[in-house]
Amino acid sequence: MTDCLFCKIVAGEIPAIRITETDRAIAFMDIFPAAPGHALVIPREHHDDALGASDEDLAACMQLASRVGQAAVSHLGATGVTFQSLARPDAGQTVFHLHIHVIPRVAGDGFAVPWPHAEGDLAEIEGHAARLRSAL
Ligand code: 5GP
Ligand code: ZN
């Protein structure tokens, strides 16, 4: 896609600090890091987000993200990793080429889990499950 920032990184038209790559996916550093070692994994092929991507590219990206996360644990001192992929503006996505954030974590780093872990209404939860089930 001509106007896509990450397609331009794939094509080498703009610079990126690359880490590793496969035939389907590329890992590079986020230049506005949320934590030391924050990396992004993207498919070479353009998909707007995880909602529209092929099974092959979803699998390739998650496999590469896991490998990068393992390296953050073994070589950057991370004791945990947040894998995150936002889809569409209302979820907070800002670059519309599928990407998985790989964010190295350590205890006490100040990242808050963004929901309260309050118990939900079981009837409502069952209702949502039924609607999802019927779609799948
Ligand atoms: P999103 O907000 O869509 O989940 O994530 C987009 C990410 O792309 C952000 O974390 C942002 O820091 C990163 N980003 C934006 N522009 C660039 C860039 O030019 N190069 C790199 N390496 N990362 C970028
Ligand atoms: Zn793209």
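These notes cover the structure that comes with them. Along each chain, numbering runs from 1 in the same order as the chain's sequence is written. Think of it this way: whatever chain is written first is A, whatever ligand is written first is 1, and the rest follow in order. Under the rules for a predicted model, residues below a pLDDT of 70 receive no local features and side-chain atom pairs below 80 are neither given nor counted, while totals for whole chains, interfaces and linings still include all residues. Hydrogen atoms and water are omitted, and side-chain values are computed over all heavy atoms in the structure.

**Quick notes on the packing of aromatic side chains**
Each aromatic ring pair is described using two quantities: the centre-to-centre distance and the angle formed by the ring planes. Each pair of aromatic rings taken from Phe, Tyr and Trp, with Trp reduced to its six-membered ring, is defined by centres within 6.5 Å and is described as stacked if the planes are under 30 degrees apart, edge-to-face if over 60, and tilted in the remaining cases. Scanning the entire structure with this criterion turns up 1 aromatic pair. Between the aromatic rings of F6 and F28, the centroid separation amounts to 5.4 Å while the plane-to-plane angle is 80°, which identifies the pairing as edge-to-face. Taken together, the residues F6 in helix α1 (residues 5-11) and F28 in strand β2 (residues 25-29) connect sequence positions 22 residues apart. Each member of the pair, F6 together with F28, is buried. Strands here are runs of E lasting at least two residues and helices are runs of H or I lasting at least four, both read from the DSSP assignment and numbered beginning at the N terminus. A 1.4 Å probe rolled over the protein chains alone gives each residue an accessible area, and that area as a share of the maximum for its type sets the label: buried under 20%, exposed over 50%, partly exposed in between.

**Considering the coordination of the zinc ion (ligand 2)**
In this analysis a donor is any N, O or S atom within 2.8 Å of a metal ion (3.2 Å for sodium, potassium and calcium), and since water is not included, sites may seem incomplete. Looking at the zinc ion (ligand 2), one finds its protein donor set to be C4 (SG), C7 (SG), H46 (ND1) and H97 (ND1), positioned 2.1 to 2.3 Å from the metal centre. All geometry calls rest on donor angles, where a four-donor set with angles between 85 and 135 degrees is tetrahedral, four- and six-donor sets with opposite donors more than 155 degrees apart and all others between 65 and 115 are square planar and octahedral, and all else is irregular. Angles of 106 to 117° at the metal separate the 4 donor atoms of the zinc ion (ligand 2), which places the site in the tetrahedral class. Mapping the donors of the zinc ion (ligand 2) onto the primary sequence gives the spacing C-x2-C-x38-H-x50-H. Taken together, the residues span a long stretch of sequence, with C4 in the segment before α1 and H97 in the loop between β4 (80-84) and β5 (100-105) at a distance of 93 residues. Taken as a pair, C4 and H97 share a single burial class, namely buried.

**Quick look at the side chain of H101**
With respect to the helices, strands and loops of the structure, H101 is situated in strand β5. Its relative accessible area of 13% is what places H101 among the buried residues. Here the side chain of H101 touches H38 through a polar contact of 2.8 Å, side chain to side chain. Residue contacts are defined here by distance: any two heavy atoms, one from each residue, within 4.5 Å place the two residues in contact. The contact partners of H101, leaving out residues within four places of it in the chain, are D30, H38, A39, L40, T82, F83 and Q84. Side-chain atoms alone can form a polar contact between residues adjacent in sequence; in general such a contact is a pair of N or O atoms within 3.5 Å, and within protein one must be able to donate a hydrogen while the other accepts it.

**With respect to unusual backbone geometry**
Note on backbone geometry: most residues besides glycine have negative phi, and most peptide bonds are trans. Positive phi values are uncommon outside glycine, yet R88 reaches one of about 80°. The topology assignment puts R88 in the loop between β4 and β5.

**Some remarks on the site of ligand 1**
Whether a residue is near a molecule or strand depends on its heavy atoms: if one lies within 4 Å, it is near. Within the structure, ligand 1 sits among 15 residues, and M29, D30, T94, H99 and H101 are positioned closest to it. At 2.4 Å, a side-chain N or O of D30 approaches an oxygen atom of ligand 1. The separation between an oxygen atom of ligand 1 and a polar main-chain atom of V95 is 3.0 Å. Reported accessibility uses the Shrake-Rupley method at a 1.4 Å probe radius. Residues are deemed covered only where the shown protein chains occlude them. Surface burial for ligand 1 is 84%, taken as the share of its 520 Å² of free accessible area covered by protein chains.

**A short note on the pairing of strand β1 (residues 18-21)**
Regular strands have side chains that alternate between both faces of the sheet. Between any two strands, pairing holds if DSSP finds at least two bridges. Bridge count for β1 against β2 is 3 bridges, and the pairing is antiparallel. Bridge pairing in β2 links E21 to I26. Between β1 and β2, which follow one another and run antiparallel, lie 3 residues.

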